[in-house]
Amino acid sequence: MELSNEYLFKYKGTYFVSGITTPDYLDTLEDFEIRDSDVFLVTYPKSGTVWTQNILSLIYYEGHRNGTEEIESVDRMPWLDYNLRNVDFSKRESPRLIACHLPYYLVPKGLRNGKGKVIYVLRNPKDVLVSYYHFSKFTRTLEEIDFDVLMERFLDGKVVAGSWLDHVEGWSAHRDDFNILFLTYEEMKKDLRGSVLKICNFLGKKLTEEEVDAVVDNATFDKMKKDRRANYENMESDIVDHTRGSFLRKGIVGDWKNTMTVAQNERFDHVFKKRMEKLPFKFCDEL
Ligand code: PPS
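Calculation rules
- Residues numbered from 1 in each chain as written.
- Predicted model: local features only at pLDDT ≥ 70, side-chain atom pairs only at ≥ 80, totals over all residues.
- Heavy atoms only, no water.
- Buried < 20%, exposed > 50% of the residue type's maximum accessible area, 1.4 Å probe, protein only.
- Helix = DSSP H or I, 4+ residues; strand = E, 2+ residues; numbered from the N terminus.
- Contact = heavy atoms within 4.5 Å.
- Polar contact = N/O pair within 3.5 Å; in protein donor to acceptor, adjacent residues only side chain to side chain.
- Pairing = 2+ DSSP bridges.
- Axes fitted to C-alpha atoms, helices over the stretch in contact; angles between N-to-C directions.
- Salt bridge = Lys/Arg side-chain N within 4 Å of Asp/Glu carboxyl O.

Undergrad: Tell me about helix 8 (residues 164-173), residues and numbers included.
TA: Helical geometry: 3.6 residues make up each α-helical turn, so side chains three or four residues apart lie on a common side. The element helix 8 is largely enclosed, with a buried count of 7 among its 10 residues. Those residues of helix 8 that fall on the buried side of the exposure criterion are W164, L165, H167, V168, G170, W171 and S172. Against the buried residues of helix 8 lie strand 3 (39-43), strand 5 (117-122), helix 6 (125-138), helix 7 (147-155), strand 6 (180-184) and helix 14 (262-277). If you check the start of helix 8, you find a side-chain oxygen 3.2 Å away from the backbone N of L165, and it comes from S163.

Given below as structure tokens:
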């Protein structure tokens, strides 16, 4: 049975947050004009979007890197599917940095035809689920429900951006259609500098050693938590309840072990394991 409630709506096979985007707006994205210089960050929710948004802002903008500019990373790299601040993308200077949670088949057709560049960040889905659970208490846009109930919806794909497996499999299977770099949250945790260099290399950005140091330093969890340009501290209060948490919560690998029971873990594996084993990605649990 399809989930339909005041929080989510279904559009062409995937779920979106109600109130902050609409089917009519999403219809316009198919023909959204892609420039060769566009850089898209694509993620399933709670996989490291805000982190990578900040890294890209740090790579591209000297004023972000050296702290002389106060522009938030969400304004540097606005959302396409949730255009919260009504950005007119056609008027933005190149290279445009753009974030979204879209499945591969809903992104603009120019991107699907190989124009622009895509960085796809993915994370162990158990940690995604736990992060989503806590986020649903912090944001006013999601329904706050018991972990058990949320887990069943997650396993069934009835959450924002639909099924994790469909999202990741879709992007992975269509990798040859895109100019794409896959990164895992876990490898970013393990080797942040190496991940920054991978991103720079993919984007053809040549930074000096000192500039790379500054990117890495400003992208650590502790630094970002204190940096209001990076931590969504100014996010509109009709979207999040700042008294109930923050976007940057724990920022660790394997937090699912602190949350899920043995039975929940077995249930999760029962539904996910076979398809996950076929994916070309590995998520280490211990770091
Ligand atoms: S959203 O709402 O979809 O945009 O969320 P998203 O940014 O994708 O994911 C939020 C989680 O990313 C963690 N995060 C970080 N982890 C490590 N290092 C850094 N610098 C960092 N920045 C954000 C954030 O804490 C959320 O994970 P959890 O597990 O909830 O802490």
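Undergrad: Mind laying out the environment of K223, listing which residues take part and the relevant values?
TA: Checked against the element boundaries, K223 lands in helix 12 (residues 221-226). On the accessibility criterion, K223 (36% relative accessible area) is partly exposed.

Undergrad: How would you sum up the sheet that holds strand 3? Please name residues and give values.
TA: Taken in spatial order, the 4 strands line up as 4-3-5-6 in an open sheet, and their pairing is parallel. Of all the strands in the sheet, just strand 4 (97-100) and strand 6 have a single pairing partner and so form its edges. Within this sheet the neighbouring strands show an average axis-to-axis angle of 20°, counted without direction. As paired strands, strand 3 and strand 5 are joined by 5 bridges and run parallel to one another. Across the sheet, V42 pairs through a bridge with Y120, a residue of strand 5.

Undergrad: Can you tell me about the pattern of salt bridges, naming the residues and giving the values?
TA: Pairing between side chains of opposite charge can happen when the charged atoms of each approach one another. Under the definition given, this model contains 25 salt bridges. A salt bridge links D269 to K126; the nearest nitrogen and oxygen atoms lie 2.9 Å apart. With D269 in helix 14 and K126 in helix 6, this residue pair connects regions lying 143 residues apart in the sequence. Judged by its relative accessible area of 25%, D269 falls in the partly exposed class. Note that E209 is salt-bridged to R193, the shortest N-O span being 3.3 Å. With E209 in helix 11 (residues 209-218) and R193 in helix 10 (residues 192-203), the pair connects residues that are 16 residues apart, well separated along the chain. Residue class for E209 comes out exposed when judged on its relative accessible area of 56%. Here the residues in one salt-bridge network are E72, D75 and R85, joined through shared partners.

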